[in-house]
Amino acid sequence: MRIIAGSARGRRIEAPEGMRTRPTLDRVKEALFGSIQFDLPGSLVLDLFSGSGNLGLEAVSRGARLAVLNDHDAASVRCIEKNARAVGLFDSTRIMQADYRVAIERLCGEGLRFDIVFLDAPYRDGTAQDAAERLFRLGMIADNGYVVIEHSLDLPPQPVPALMRCKKTKHYGDCCFTILERDEPS
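This structure is a prediction, so every number in the text was calculated from the model and none was measured.

**Considering the side chain of R182**
With respect to the helices and strands, the residue R182 is situated in strand β7 (residues 175–182). Here the side chain of R182 touches I141 through a polar contact of 2.5 Å, landing on its backbone oxygen. At a separation of 3.5 Å, a polar atom in the side chain of R182 contacts the main-chain carbonyl oxygen of A142. Those residues within four positions of R182 in sequence are excluded, and the remaining contacts are R113, F136, I141, A142, D143, L163, M164 and R165.

Dropping the structure here:
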């Protein structure tokens, strides 16, 4: 894996050892970031299931003001910190180790509202859907912000009327990204 563009372009990052994570492939990440590149400068980003820090570090390299990188796994958090330092982006990150629900509550308590949230959770356990709903319910998505969920083709996130709606979905083989935005009550 590598940082594709921006200030840390071409710098390699490592994945945590073992099979606990499923890093986003470079070609998929490149397509995703190509579609959101103009939203990144000056943004506040949350990478809630960060794994290696791949998505959040890419966002900071491309101009995000700050990326909060969270993972519940201690080995992943050590890997995120190592990667952030190795690519020279540590000062533009905040690294947390917490269950996603605890992380959301902490960040909400601080009054943070994110422009872009990456949810690259395990595909089949429903955590990405739950996290997205929590973030929207708690008002943690900025007015023009959105949530990006990585998922398999057969498990798309579900819109919740008057809370969140699908803006667009991009397919890359069996891997997909869906962008969710606020769905204002009518």
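So, next bit.
**Concerning the pairing of strand β3 (residues 93–97)**
Where a strand is regular, its side chains alternate between the two sheet faces. Two strands pair when backbone bridges link them, and strand β2 (residues 66–71) and β3 are joined in this way by 5 bridges, in the parallel orientation. Within β3, the residue paired with L69 across the bridge is I95. With respect to chirality, the unit in which β2 leads through helix α3 (residues 74–86) into the neighbouring parallel β3 is right-handed.

**Observations regarding the pattern of salt bridges**
Overall, the coordinates contain 13 salt bridges when judged by the stated rule. When the shortest N-O distance is used, the salt bridge between E181 and R165 registers 2.9 Å. On the criterion of sequence distance, the pair formed by E181 in strand β7 and R165 in strand β6 (residues 164–172) is long-range, its members being 16 residues apart. Residue classification places R165 among the partly exposed residues on the basis of a relative accessible area of 36%. Between R165 and D183 there is a salt bridge, with its nearest N and O atoms 3.2 Å apart. Of this pair, R165 sits in strand β6 while D183 sits in the segment after β7; the two residues are 18 residues apart in sequence, bridging distant segments of the chain. Since its relative accessible area comes to 17%, D183 is described here as buried. Linked through salt bridges whose partners overlap, the residues forming this network are K29, E58 and R62.

**Re the pairing of strand β5 (residues 141–152)**
Of all 12 residues in β5, 10 are buried; the element is thus mostly enclosed. Sheet topology note: the strand β4 (residues 114–119)/β5 ladder contains 5 bridges and is parallel. Residue pairing for β5: I116 is matched across the bridge by Y146. Following the backbone out of β4, through helix α5 (residues 127–137) and into the adjacent parallel β5, one traces a crossover that is right-handed. Pairing analysis gives 6 bridges linking β5 to β7, with the strands arranged antiparallel. Across the sheet, residue S152 finds its bridge partner in β7, namely C175.

**Structural notes on the packing of helix α1 (residues 26–36) against helix α2 (residues 54–61)**
One can describe the packing of α1 onto α2 by two numbers: an axis separation of 11 Å at closest approach and a directional angle of 45°. Relative to α2, α1 is oriented oblique. α2 is crossed by α1, and the crossing has right-handed handedness. Contacts between α1 and α2 involve K29, L32 and F33 on the former and, on the latter, N54, L55, E58 and A59. By residue class, the composition of the contact of α1 with α2 is 4 nonpolar, 1 polar and 2 charged.

**Focus on unusual backbone geometry**
Positioned with a positive phi, A162 is a non-glycine residue whose angle comes to about 65°. Among the structural elements, A162 can be located in the loop between β5 and β6. Judged by relative accessible area, A162 falls into the partly exposed class, the value being 44%.

**Observations concerning α2**
With respect to burial, α2 is a largely interior element, 8 of its 8 residues being buried. Residues N54, L55, G56, L57, E58, A59, V60 and S61 constitute the buried set of α2. For α2, the secondary structure elements touched by its buried residues are α1, β1 (44–47), β2, α3, β3 and β4.

Procedures and definitions
- Residues numbered from 1 in each chain as written.
- Predicted model: local features only at pLDDT ≥ 70, side-chain atom pairs only at ≥ 80, totals over all residues.
- Heavy atoms only, no water.
- Helix = DSSP H or I, 4+ residues; strand = E, 2+ residues; numbered from the N terminus.
- Polar contact = N/O pair within 3.5 Å; in protein donor to acceptor, adjacent residues only side chain to side chain.
- Contact = heavy atoms within 4.5 Å.
- Pairing = 2+ DSSP bridges.
- Right-handed = clockwise from strand over helix to strand, strands pointing away.
- Salt bridge = Lys/Arg side-chain N within 4 Å of Asp/Glu carboxyl O.
- Buried < 20%, exposed > 50% of the residue type's maximum accessible area, 1.4 Å probe, protein only.
- Axes fitted to C-alpha atoms, helices over the stretch in contact; angles between N-to-C directions.
- Parallel < 35°, antiparallel > 145°, perpendicular 65-115°, else oblique.
- Left-handed = near helix turned anticlockwise from the far one by under 90°.
- Nonpolar A, V, L, I, M, F, W, Y, C, P; charged D, E, K, R; others polar.

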